[in-house]
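Single-letter residue listing:
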Amino acid sequence: MIKQILWRTKSLVGVAAVSLGVGSVSSFAQTGNLDGRWAATLTEKGGTVIPFRLDISGSGDHVVGTLFNGQDTETTTSARIENGSVELKFEHYLTNIEATVKDGELDGQIVAIRRSPINITPGQFRPTATDSISAFHAKRYVAPSATEAANAPSIDGVWEIPHESNKGEKSWRLIVKQNGAEIETTILRVDGDTGALTGGWQDGKFVASHFDGSRPGLIHLTPQKDGTLLVDVKAEPRNEVFTAYRQEVARAKGFPEPANYLTHTSVRNPDEVFKYSFRDVDGKIVSNDDFKGKVVLAIVTGTWCPNCHDEAQYLVKLYQQYHAKGVDIVALDFEEADQAESLTRVKAFIKQYKVPYHYLIAGTPDEMWDKVPQAVNLNTWPATLFIGRDGKVKATYSGFASAASGVYNKELKDDFTSIIDRLLAGGGVQSSASIARPAADVASR
C-alpha cells in the first residue's frame, strides 16, 4: 500500500553542512551501529534542500546502503563504516555518499558525476561532464505525528501539463497516487518519468521529493480555486512552474495530447534490414548477423540516463521470460568518451542489475544519429526498436515509463509483450500506429 512506502517530507527538512573527514573512534562509539532508517537531505548549490529516505544495515566492510524510488530500491555497490567515517558507493550511477558520524547524526557530501545534454538536436548534442558536490545530512528517522488527512484535498489521478519541449512534445503527464494526506507523484515525458517523488500535505500544498542515486527531485503541488494544479519543480537543472489540468479539462480546452510512445520514433524504410556492428564490453564484435532468425529488441541506451536504469531492470525480467523462446536483447550503449574507454559505470551497471543480454558500446551520445541512421526522430533515452525474424524493424517505443507512472507502466509492459508475442508467432506488426491505442482509451483506464 502507498501508505506503507510513503513518508512525510515535512519531518525531514533541515540544514545540511559539509563536514567530511575522518572522525574519532569515540564519536562513532557514541552512536553505536548505524542500522536503520535515516531522514536524509541533499542540499544543492543554489540552497534547495531535497529530503530523501536512506536505509543502512551492517558494519565494517559488510554494509549496505539503500535509496528509494517509490517501491523500487537502489543499493550500494560497495560501502564501509570505519572510525566514524561512512562511505556509500553507487558505482552504477558514479555517486558516492561520504560522511562522518557526529552526535548520532551524519554530515558530509554527495559526490556525483552528472552528465546532461545541452541540446537533443542531431549534431548539437553535447553531454557535459560535471563533478556535482552536494551537502549531505542525515538523522534518525522519526515517524511523523498524525496528519491532517481530513483537510487534504484530493488530487489523485492523471493530469496533463501543456508544455512544448525540444523533443517535439506538446504536453506532459503528471501522475498522482494519493492516500489521505500522502502522495507519490511523477512527471511523465516522452523519454520517461522523473522517478517516484513521495511526500504529503503541508502548509496548503503537497510537497514530495526523492533521491535514488541520480535525479534528485523536489516538487510542490498547490491546488488552485479553478481546479488546476500549480506544479512547482524545485530541483536542478529544471526550476520551473507549470499548470496541470485534469485530462478531461485539457481535452475540453483543446490542449494538445502528450506524445505517443509507439509513434514518436519511426524508421526511414521499414523494408530495410536494421544493421549494426559494435564491440561488447569484452571487446568482441557483435552484429545483426549474429541474430538471424531471432526476434530482437535493440535498445538505444546509456548508463548515464536514469530512465535507462529503470528500463534495464525490466529488460532483465523480459529476457528471462522470452530468451528461451527465441528472443534476444541487444543494448546499443552510448557513453561519454571517458566512460566508453574505462567502462567503469557500464560494468558496475551490468553487475548491479545482473544484465544477461548483450551490451554493445556503440559510441558517444552525440554519435547516436550517425550510428543509428535508420531511425527517424530518435531523441529519447532510452528508445526500443523491435526487430522481426527477417531483421527489419517492426515497431518502436520511445522512453520508459517506470512503476512510478502507474497505468502507463502497465501499458508499456502490455505493449512490449504484445509486440514480442506477435513477432514470435510469425505475424507482423505492420506499423507502430497499428498497435497504438487511441488517447481516449488510455484516458478511460
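Everything below is about the structure printed above this text.
All of these numbers come straight from a predicted model, not from anything done at the bench.

Analysis parameters
- Each chain has its residues counted from 1, running along the sequence as written.
- Under the rules for a predicted model, residues below a pLDDT of 70 receive no local features and side-chain atom pairs below 80 are neither given nor counted, while totals for whole chains, interfaces and linings still include all residues.
- Derived side-chain values reflect all non-hydrogen atoms in the structure, with water molecules and hydrogen atoms excluded from consideration.
- Each helix is a run of DSSP H or I of at least 4 residues and each strand a run of E of at least 2, with the numbering of both proceeding from the N terminus.
- For every residue, the accessible area obtained with a 1.4 Å probe (protein chains only) is divided by the maximum for its type, and the residue is called buried under 20%, exposed over 50%, and partly exposed between those limits.
- Contacts are assigned to residue pairs with any non-hydrogen atoms lying within 4.5 Å of each other.
- Only the protein chains shown count as cover for residues, and all accessible areas are computed by the Shrake-Rupley method using a 1.4 Å probe.
- The rule for pairing is simple: two strands pair if DSSP sees at least two bridges between them.
- As a rule, the C-alpha atoms of each element are fitted with a line to give its axis, helices using only the stretch in contact, and angles between N-to-C directions run from 0 to 180 degrees.
- A 1.4 Å probe that fits but cannot get out identifies a cavity on a 1 Å grid over protein atoms alone, an open set with protein on both sides within 12 Å along at least five of seven lines counts as a pocket, and a residue lines either if it has an atom within 4 Å of a point.
- Grid points are joined across faces, edges and corners, and a volume is the space filled by probe spheres set on the points.
- Under the grouping applied here, Gly and all other residues not named as nonpolar or charged are polar, the nonpolar ones being Ala, Val, Leu, Ile, Met, Phe, Trp, Tyr, Cys and Pro and the charged ones Asp, Glu, Lys and Arg.
- What counts as a salt bridge is simple: a side-chain nitrogen of Lys or Arg found within 4 Å of a carboxyl oxygen of Asp or Glu.

**Side note on the overall build of the chain**
If you tally the helices and strands in the chain, you get nine helices and 27 strands. Looking at the chain as a whole, 55% of its 445 residues qualify as buried. Taking all contacts inside the chain whose residues are at least 6 apart in sequence as the whole, residues at least 24 apart take part in 61%. Accessible area of the chain: about 18,700 Å², with a carbon and sulfur share of 49%.

**Brief notes about helix 6 (residues 344-353)**
Restricting attention to buried positions, one finds in helix 6 the residues Arg345, Val346, Ala348, Phe349, Ile350 and Tyr353. In the core, the buried residues of helix 6 are packed alongside strand 4 (72-75), helix 4 (306-322), strand 23 (327-334), helix 5 (337-342) and strand 24 (358-363). Positive phi shows up at Lys354, right after helix 6, with a value of about 55 degrees.

**Some details on the sheet that holds strand 24**
Each strand in a sheet pairs with another by means of backbone hydrogen bonds, the pair being arranged parallel or else antiparallel. A sheet is described by the order of its strands in space; here seven strands give the open sequence 21-20-24-23-22-26-27, paired in mixed fashion. Strands at the two margins of the open sheet, each flanked by one partner only, are strand 21 (285-287) and strand 27 (393-398). Strand-to-strand, the axes of this sheet are offset by a mean angle of 30 degrees, without reference to chain direction. Of the pairings in the sheet, the one linking strand 22 (residues 295-301) to strand 26 (residues 383-387) comprises five bridges and is antiparallel in character. For Ile299, the partnering residue across the bridge sits in strand 26 and is Thr384. Helix 4 contacts strand 22, strand 23 and strand 26 of the sheet and is inclined by roughly 165 degrees relative to strand 22. Running at roughly 20 degrees to strand 26, helix 8 (residues 407-424) makes contact with strand 22, strand 23, strand 26 and strand 27 of the sheet.

**Here we look at empty space enclosed by the protein**
Gaps between atoms show up when a probe of the same size as a water molecule is rolled over them. Scanning the entire structure with this criterion turns up four cavities of 30 Å³ or more. Considered as a void within the structure, the second largest cavity measures approximately 40 Å³ in volume. In terms of lining, the second largest cavity is formed by Ile299, Thr301, Cys308, Glu311, Ala312, Leu315, Ala331, Phe349, Tyr357 and Tyr359. Elements supplying a minimum of two residues to the lining of the second largest cavity: strand 22 and helix 4. Residues of the lining of the second largest cavity, tallied by class, amount to eight nonpolar, one polar and one charged.

**As for the pattern of salt bridges**
Per the counting criterion, the structure on display carries 19 salt bridges. In this structure, Lys170 and Glu164 form a salt bridge, with 3.7 Å as the shortest nitrogen-oxygen distance. Here Arg345 makes a salt bridge to Glu335, at a shortest N to O gap of 2.8 Å. Placement of the pair is Arg345 in helix 6 and Glu335 in the loop between strand 23 and helix 5, with a sequence separation of 10 residues. Glu335 shares its class with Arg345; the two are buried. If you follow the salt bridges from partner to partner, you end up with Arg37, Arg53 and Asp55 in one network.

**A few points about the environment of Phe278**
Locating Phe278 in the fold gives a position in strand 20 (residues 277-280). Considering only alpha carbons, one finds Phe278 and Gly363, 85 residues apart in sequence, at a separation of 8.8 Å. Setting aside residues no more than four positions away along its own chain, Phe278 makes contact with Lys284, Ile285, Val286, Leu332, Leu360, Ile361, Ala362 and Lys371.

**Description of the pairing of strand 17 (residues 229-233)**
Counting buried residues in strand 17 gives four out of five residues, a clear majority hidden from the surface. Where strand 16 (residues 217-223) meets strand 17, five bridges bridge the pair, whose relative direction is antiparallel. In the strand pairing of strand 17, Ile219 is matched with Val233. Linking two consecutive strands that pair antiparallel, namely strand 16 and strand 17, is a turn of five residues; a positive phi of about 90 degrees is found at Gly227 within it. Sheet topology note: the strand 17/strand 18 (residues 240-246) ladder contains five bridges and is antiparallel. The residue bridging Asp232 from the neighbouring strand is Val241, located in strand 18.

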